[in-house]
Amino acid sequence: MCGIVSYAGNKDVIRRIITGLKSLEYRGYDSAGIAYMKDNKINIIKKEGCICNLEKEINYDDKASIGIAHTRWATHGKADDINSHPHRQGKITLVHNGIIENYDILKKELIKKGYIFKSDTDTEVAAAVIDDLYNENNDMIKAISLATEILKGSYAFNIINDDISDKIFGIRKDSPLIVGISEDGNILASDIPATLHVTNRYVVLDNYDIVVLDKDHVKFYDIKGKEIKKEVKIFANDNEVISKGGYDHYMLKEINEESEVVKKLISLYTNSGKVNDDLFDIRKYKNIDIVACGSASFAGQVGKYYIEKYANIRTSVYFASEYRYQKNFFDNDTLVILISQSGETADTLAALKLAKENNIDTLAIVNRRDSSIAREAKDVIYTEAGIEIAVATTKAYLAQVIVLLLLAIKGINNETEILEDLKLLPNIITKYINDYDYENIADLIKDKEHIFYLGRGIDYYLSMEGSLKLKEISYIHSEAFQAGELKHGSISLIDENFGVIAVVTDKSICDKTISNLKEVSARGAKIIAITNIKDDNFSDYKILVDDYSEVLNPLTVVIPMQLIAYNTAKKKNCDIDKPRNLAKSVTVE
Ligand code: F6R
C-alpha cells in the first residue's frame, strides 16, 4: 500500500507531483507529504488526512526543480503529521512503499551511531541506513545497493540527496515502481496512472533495479552499479482516463461499466460459440488450488463451483495469507491459479513464488498489465476490466468470475449453449442497475448492527462477496453464512433486530435453503431475499431476479448485491470510494 511519486522537470514540478499523487490516493489516504528542492534547499510538508489537507499548505508558485511525494496507509506508527512521509535523516530524504521488517534492530544500532528518530516509522530507519552508507562511501548508487543487503522486507523508495540536488534515485524490491519518460521531465511512481499526465512512455522496474533521473535523463543500474538498458513501453489505452464520468462515485461508475467488461471478455476470449483454443486449458490437471485475497478469493469460490461442476477437476480455494504457511500438496498434476485485480497483492505474490519454487504450474488471472503477479506467473489471463479506482472491487470481481467460468466450460459438450446464455449477461446487468429500488432496501438495513448474508451452494459463495462489499463500505457488521449451518450454533444470534439477506437462485438446493430461512423467520428476523422464485413464502422484502439458466442465474445477483452495499453506504454518508482503514493495493503482508 501507499503511493509514491516523484518528478524532475522544468516547470510545474509541484503541481505535476500532486496530480500524480492524487491518482494514487486509492493506495492509501490517511496522510500525505511532499519534499521538493527549491534553490538547492529542501522543503518538506506533511499533513495528516487526505491530499486535500496537504494541498492547503502547498504554495504551487514555488519554483521547484525536483520533488518526491507520498500518500500513506499507516503500518508503523499512527496516521499523523510526524509519521507521514517523506522522512529525512542526514542528507537523505525519502518516500517509501512497503515494510522494513528488521527496522527495530537497525534502529537500535543507528541510535548508537548518533541518529535521532522523530517518527515511529520503519521508513525513517531506512533513510538513516542509506544516509549512513552514503557518508561511508560518498556514492549514492553504492549506498543504495549496500542498503539492499541490510534492509529486509519490501520497498519501493524514491530518494533525494542534499548533495545531488538535481537528481532523484529509486529502487524497488517486491513493491512496484514505474518510470515515466518524456522530453518534458521524468516521473517515478507506484503505478502507471500516476505518470500519464506527463507521458505515456514508461519502464517497469524489476526487483533491485536502481534508477537515477533528472529533468533530462533517466539511467538504470543493476545492483552491482553497472548501467543497464530497460525496455520502454507505450501505454496505449487512452480510454483509461481516471475520472468519475459524471457519476457520484467511482464505485457506481465501475458498476455501470460491468456490462461492457463482460462484452469485452466474451469478444476477446470466445469465438463462434467456443472458448478460444489459445485460452489456457485446465483439463490436463487433476487438482487446482485457487489462491487469492478478499473479493478475488470469493471470485475463486464461484470459480471452484464452476470448475468442479463443468470441468470435473477437484478445486480448493485458499486465502493467500494462509497458503504460504500451511501444508500444501504440490503434486505434478496440480495447477495453482492466482487471482488478483492489482497484481501486486503481497500475499498472493508470495503464494505464487512458493508454487514456482515447488515447480508447480502457475496461472495468474490479473487485471493490471505489467503487474508483478502478471509478470511472475508462468501463464497469465487478463481480466480486461480497465482501471478500477474504488477501493471496493466490483467490475474486476465479476471479470474474474467470468474468466473462471470460461476456463471451466472450455471444451465441454454444452459449451456453445452456455456461451449463448452468457451473451445475455451484459443486458441483464444494465437492466438490473435500473430496475430495482435499492434505496428502499438500503433504508431497511442501514440501521442494523449485524447482518447475515445467507445462501447454500453457489448462492453461499456469492453471498461471501455480497457480505464483504456491504461491510467494507457501510461499516455494518456482516457475515456470509451457509444457511444450513446456522442451526449448529449461530442461530442463537438471531432476533427481530438481526438483519438477514438471503440469496436463493440455485434450484437444486432452494427447498433446503427455504426451510433454513423459515427457521430464521420463526426467530423474528425479517428476510430480504434476492431470488428468482416468484411466489415465495419466505421473504419479507424481495428483489425478484429473472430465472434464466443454471449458469446464468447465480451471476444475476452480483449487481443487486453491489448496489445494495453502495446505496446503504450512501445513506450512511460513508466515504464510499475510500472506506476507512483500507487501501486498494495491499502490498504488505
Ligand atoms: C474488496 C477488495 C479486496 C481485494 C483484495 C485482493 O472489495 O477489493 O478484498 O479483492 O484486497 O486484491 P487484489 O485483487 O488486488 O489482489
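Shown above is the structure to which this text applies.
## Focus on the side chain of H96
Move 1: As for its placement among the helices and strands, H96 is situated in strand β6 (residues 92-100).
Move 2: Relative accessible area serves as the criterion here: at 1%, H96 is assigned to the buried category.
Move 3: Only 2.8 Å separates the side chain of H96 from the side chain of T123, close enough to count as a polar contact.
Move 4: The contacts of H96, once residues within four sequence positions are left out, are C2, I4, H70, H85, D122, T123, S154, Y155, A156 and F157.

## Quick word on the state of the cysteines
Move 1: If you walk through the whole model with that rule in mind, you get 1 disulfide.
Move 2: Here C50 pairs with C52 through a disulfide, and the sulfurs are 2.0 Å apart. Since a negative S-S torsion denotes a left-handed disulfide, the C50-C52 link at about -75° is left-handed.
Move 3: C2 takes part in no disulfide bond, and the closest cysteine sulfur to it belongs to C50, at a distance of 16 Å.
Move 4: We note that C574 lacks a disulfide partner, and the nearest cysteine sulfur, in C50, lies 17 Å from it.
Move 5: Given a relative accessible area of 13%, C574 falls into the buried group.

## Quick notes on the sheet that holds strand β27 (residues 541-544)
What links the strands of a sheet is backbone hydrogen bonding, and the strands pair in either a parallel or an antiparallel sense.
Move 1: With parallel pairing, 5 strands are arranged side by side in an open sheet as β24-β23-β25-β26-β27. Edge positions in the sheet fall to β24 (477-482) and β27, since each of these pairs with one other strand and no more. Within this sheet the neighbouring strands show an average axis-to-axis angle of 15°, counted without direction.
Move 2: Packed onto the sheet, helix α18 (residues 558-571) meets β23 (450-455), β25 (499-504), β26 (527-531) and β27 and runs at close to 145° relative to β26.

## With respect to the environment of K526
Move 1: Note that K526 resides in the loop between α17 (510-521) and β26.
Move 2: A relative accessible area of 47% means that K526 is categorised as partly exposed.
Move 3: Here the alpha-carbon distance between K526 and E496, two residues 30 residues apart in the chain, equals 6.9 Å.
Move 4: In contact with K526, other than residues within four places in its own chain, are V500, D540 and Y541.

## Overview of unusual backbone geometry
Move 1: The amide bond that connects H85 to the next residue, P86, takes the cis arrangement and shows omega of 0°.
Move 2: By the secondary structure assignment, P86 is in the loop between β4 (66-72) and β5 (87-89).
Move 3: The phi angle at D12 is positive, at roughly 55°, despite the residue not being glycine.
Move 4: When you line up the elements, D12 lands in the loop between β1 (3-8) and α1 (13-22).
Move 5: We note that S272 has phi near 45°; this positive angle belongs to a residue other than glycine.
Move 6: As for its placement among the helices and strands, S272 is situated in the loop between β16 (270-271) and β17 (274-275).

## Some words on the nonpolar core
Move 1: Counting residues in hydrophobic clusters, the biggest one holds 113 residues, and the most contacted among them are Y306 and L407.
Move 2: Tallying contributions element by element places helix α12 (residues 395-409) first for this core, with 12 residues.
Move 3: A domain split of this core shows at least three residues from each of domain 2 (246-423) and domain 3 (435-574).
Move 4: Excluding anything up to four places from it in sequence, Y306 contacts A311, V401, L405, A408, I458, V551, P554 and L555.
Move 5: Core analysis: the second largest hydrophobic core is formed by 30 residues, I100, L151, Y155 and F169 among them.

Basis of the calculations
- Numbers given for residues are sequential positions, taken from 1 along each chain in its written order.
- Reporting in this predicted model follows two pLDDT cut-offs: at least 70 for local features of residues, and 80 or more for side-chain atom pairs to be given and counted; totals over whole chains, interfaces and linings ignore these cut-offs and use all residues.
- Values reported for side chains reflect all heavy atoms of the structure, with hydrogen atoms and water molecules removed beforehand.
- Here a strand is any run of E in DSSP of at least two residues, a helix any run of H or I of at least four, and the numbering for each starts at the N terminus.
- In this scheme, a residue with accessible area under 20% of its type's maximum is buried, one over 50% is exposed, and one in between is partly exposed, where area comes from a 1.4 Å probe on protein chains only.
- Any pair of nitrogen or oxygen atoms within 3.5 Å is treated as a polar contact; in protein, a donor-acceptor pairing is required on top of that, and neighbouring residues in sequence qualify only through side-chain atoms on both sides.
- Contacts were defined at the residue level, with two residues in contact if any of their heavy atoms lie within 4.5 Å.
- Put simply, a disulfide is two cysteine sulfurs that come within 2.5 Å.
- One bridge is not enough; two strands pair if DSSP finds at least two bridges between them.
- Interaxial angle, 0 to 180 degrees, is taken between N-to-C directions of lines fitted to C-alpha atoms, where a helix line uses only the stretch in contact.
- We call a set of buried Ala, Val, Leu, Ile, Met, Phe, Trp, Tyr and Cys residues a nonpolar core when their side-chain atoms join them within 4.5 Å.
- Here the limits of each domain have been adopted from an automatic or database domain assignment.

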